[in-house]
Amino acid sequence: MTDYKDIATPNRTREILKKHGFSFKKSLGQNFLTNPGILGEIAETAELTKDDNVIEIGPGIGALTEHLARDAGKVLAFEIDQRLIPVLEDTLSPYENVTVINEDILEADIVSESEKVFGEAKDIKVVANLPYYITTPIMIHLLMSPLDIKTMVVMMQKEVADRMSAKPSTKAYGSLSIAVQYYMEASLAFIVPRTAFVPQPNVDSAIIKLEKRDTPLVDVIDEEFFFDLTRSAFQQRRKTLWNNLLNRFGKSDEVKEWLEVSLQEANIDPKRRGESLSIEEFGALANALIKNK
Ligand code: SAM
């Protein structure tokens, strides 16, 4: 049942924006959700319990934050826009388990802020309606962070969600799919139409659910080299893996021999395109290349 006091009803949102004289900044990706049903579904997808510690990126006026505050233990939210801080103090005043930090998520020390708010506690979940202009940098930042993030339930542009959850041999599959799925199991939860936001964005959105694997999907010798290799394989999607590898590593006889031996060892036909390789195959190739160097 929708609580009539929900921040995200169109009327209440309008009222809050008017009361605080707030105007949207397009450059900060400010598209606020005004549909309590969808917000409830996001929180449900995260399967929150009072034992969960939640990090939110970009609380806006608190529409999603209040659902998190109701369902989770503690909530730590990072909001870059200083103008929203007094708004959040107002709208989230009924909730004592929320801490809002006025910082850019890419600059903030999320590890020490989490320790301050959550203590030693693990089992961190990230739940957020991400600003679209920096969705990928934020996701990579969180994936690479030493923070123990078990689950992420995040809303983003549908096209980016498709890429993050794509399987091999599909148009959307690429180095981003591999970077995400190396660490996390990814699934598309549901689609959100553009009409659910104010102002309305030009694209539809999707909620993606990511769950951390106990160990990365493949056992690679050198992660940095593995990711470098996957990016190189998709540099020119229409070219063969062989051509993309020559572009990356050079065209000398020595390099060609190194590539040939390693591809053979990994059981990969050089005429295939990068998009046809599974993450496991990329791992095998990266390891063979390192061993034969
Ligand atoms: N959570 C709200 C909702 O669902 O209605 C707002 C989501 S809106 C798509 C994105 C929010 O992220 C905005 O409040 C924006 O100011 C904030 N934001 C943009 N860039 C940010 C950054 N680098 N760090 C933290 N917050 C950011």
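Residues numbered from 1 in each chain as written. Predicted model: local features only at pLDDT ≥ 70, side-chain atom pairs only at ≥ 80, totals over all residues. Heavy atoms only, no water.

1. Thoughts on the overall build of the chain
If you tally the helices and strands in the chain, you get twelve helices and nine strands. Overall, the C-alpha framework of the chain stretches about 70 × 40 × 30 Å when taken along its three principal axes. In the chain, which comprises 293 residues, the proportion classed as buried is 52%. Put simply, of all contacts in the chain between residues at least 6 apart along the chain, 68% involve residues at least 24 apart. Carbon together with sulfur atoms contributes 48% to the accessible area of the chain, which is approximately 14300 Å² in total. Distance between charge centroids for the chain: 7 Å, based on 35 positive and 45 negative side chains. (Helix = DSSP H or I, 4+ residues; strand = E, 2+ residues; numbered from the N terminus. Buried < 20%, exposed > 50% of the residue type's maximum accessible area, 1.4 Å probe, protein only. Contact = heavy atoms within 4.5 Å. Areas by Shrake-Rupley, 256 points an atom, 1.4 Å probe, with all protein chains shown as cover. Lys, Arg positive; Asp, Glu negative; His and termini not counted. Charge placed at Lys NZ, Arg CZ, Asp CG, Glu CD.)

2. Some words on helix 2 (residues 36-45)
Taken residue by residue, helix 2 has P36, I38, L39, I42, A43 and T45 as its buried positions. Where helix 2 is buried, its residues meet strand 1 (32-33), helix 3 (63-71), strand 5 (124-129), strand 6 (149-157), strand 7 (184-192) and strand 9 (205-212). Of the residues flanking the start of helix 2, the one acting as N-cap is N35, its side-chain oxygen 3.0 Å from the backbone nitrogen of G37. Residue E47 follows helix 2 closely and has a positive phi angle near 45 degrees. (Polar contact = N/O pair within 3.5 Å; in protein donor to acceptor, adjacent residues only side chain to side chain.)

3. Focus on the packing of aromatic side chains
Counted according to the given criterion, the structure contains twelve aromatic pairs. For the pair F234 and F282, a centre-to-centre distance of 5.9 Å together with 40 degrees between the ring planes defines the contact as tilted. One end of the pair, F234, is in the loop between helix 9 (223-233) and helix 10 (241-249); the other, F282, is in helix 12 (residues 279-291), with 48 residues separating them in the sequence. Residues F234 and F282 agree in their burial class; the two are buried. Where F249 meets W258, the ring centres are 5.2 Å apart and the plane angle is 85 degrees; that geometry is what we call edge-to-face. Three or more aromatic residues link up through ring pairs in this structure, and these residues are Y182, Y183, F226 and F227. (Phe/Tyr/Trp six-rings, centres within 6.5 Å; stacked < 30°, edge-to-face > 60°.)

4. Notes on the pairing of strand 2 (residues 53-57)
Remember that side chains alternate between the two faces of the sheet whenever the strand is regular. Here strand 2 lies mainly inside the structure; five of its five residues are buried. Side chains N53, I55 and I57 of strand 2 all project onto a buried face; the interleaved residues V54 and E56 project onto the opposite face, where all are buried too. As paired strands, strand 2 and strand 3 (residues 74-78) are joined by five bridges and run parallel to one another. Opposite I55, over in strand 3, you have L76 as the bridge partner. Handedness of the crossover joining strand 2 and strand 3 through helix 3 is recorded here as right-handed. Sheet topology places strand 2 next to strand 5; three bridges connect them, and they run parallel. Pairing of I55 across the sheet is with V126, part of strand 5. (Pairing = 2+ DSSP bridges. Right-handed = clockwise from strand over helix to strand, strands pointing away.)

5. With respect to the site of the ligand
Near the ligand, the surroundings consist of 23 residues, among which L33, G58, E79, D104 and N129 are the closest. One nitrogen or oxygen atom from the side chain of Q30 is found 2.9 Å from an oxygen atom belonging to the ligand. For the ligand, a nitrogen atom lies 2.9 Å from a polar atom in the side chain of Y133. Considered on its own, the ligand offers 600 Å² of accessible surface; in the complex 99% of this is hidden by protein. When grouped by side-chain class, the residues that make up the shell around the ligand number twelve nonpolar, six polar and five charged. (Near = heavy atom within 4 Å. Nonpolar A, V, L, I, M, F, W, Y, C, P; charged D, E, K, R; others polar.)

6. Considering a negative patch on the surface
A surface patch of negative charge is lined by D253, E254, E257 and E260. Residue position: E260 is located in helix 11 (residues 253-265). A residue is classified by how much of its surface remains accessible, and E260, at 47% relative accessible area, is partly exposed. (Patch = residues over 30% accessible without salt bridge, like charges linked within 9 Å, V, L, I, M, F, W, Y side chains within 5 Å. Salt bridge = Lys/Arg side-chain N within 4 Å of Asp/Glu carboxyl O.)

7. Observations concerning the domain arrangement of the chain
The domain architecture assigned to the chain consists of domain 1 (10-212) and domain 2 (223-291). Computed over C-alpha atoms only, the centres of domain 1 and domain 2 are separated by 35 Å. Contacts between the two partners involve 13 residues from domain 1, matched on the other side by 14 residues from domain 2. Between domain 1 and domain 2, the buried area comes to about 1000 Å², and carbon and sulfur atoms account for 66% of it. The largest contributions to the domain 1 side of the interface with domain 2 come from Y173, I178 and Y182, which together make up 49% of the buried area. At the junction of domain 1 with domain 2, the criterion picks out six residue pairs in polar contact (both at pLDDT 80 or more). In terms of residue count, the dominant contributor to the side of domain 1 that touches domain 2 is helix 8 (residues 175-183) (six residues). Looking at the side of domain 1 that touches domain 2 residue by residue, the classes come out as seven nonpolar, five polar and one charged. (Domains from an automatic or database assignment. Buried area = accessible area lost by both parts, 1.4 Å probe.)

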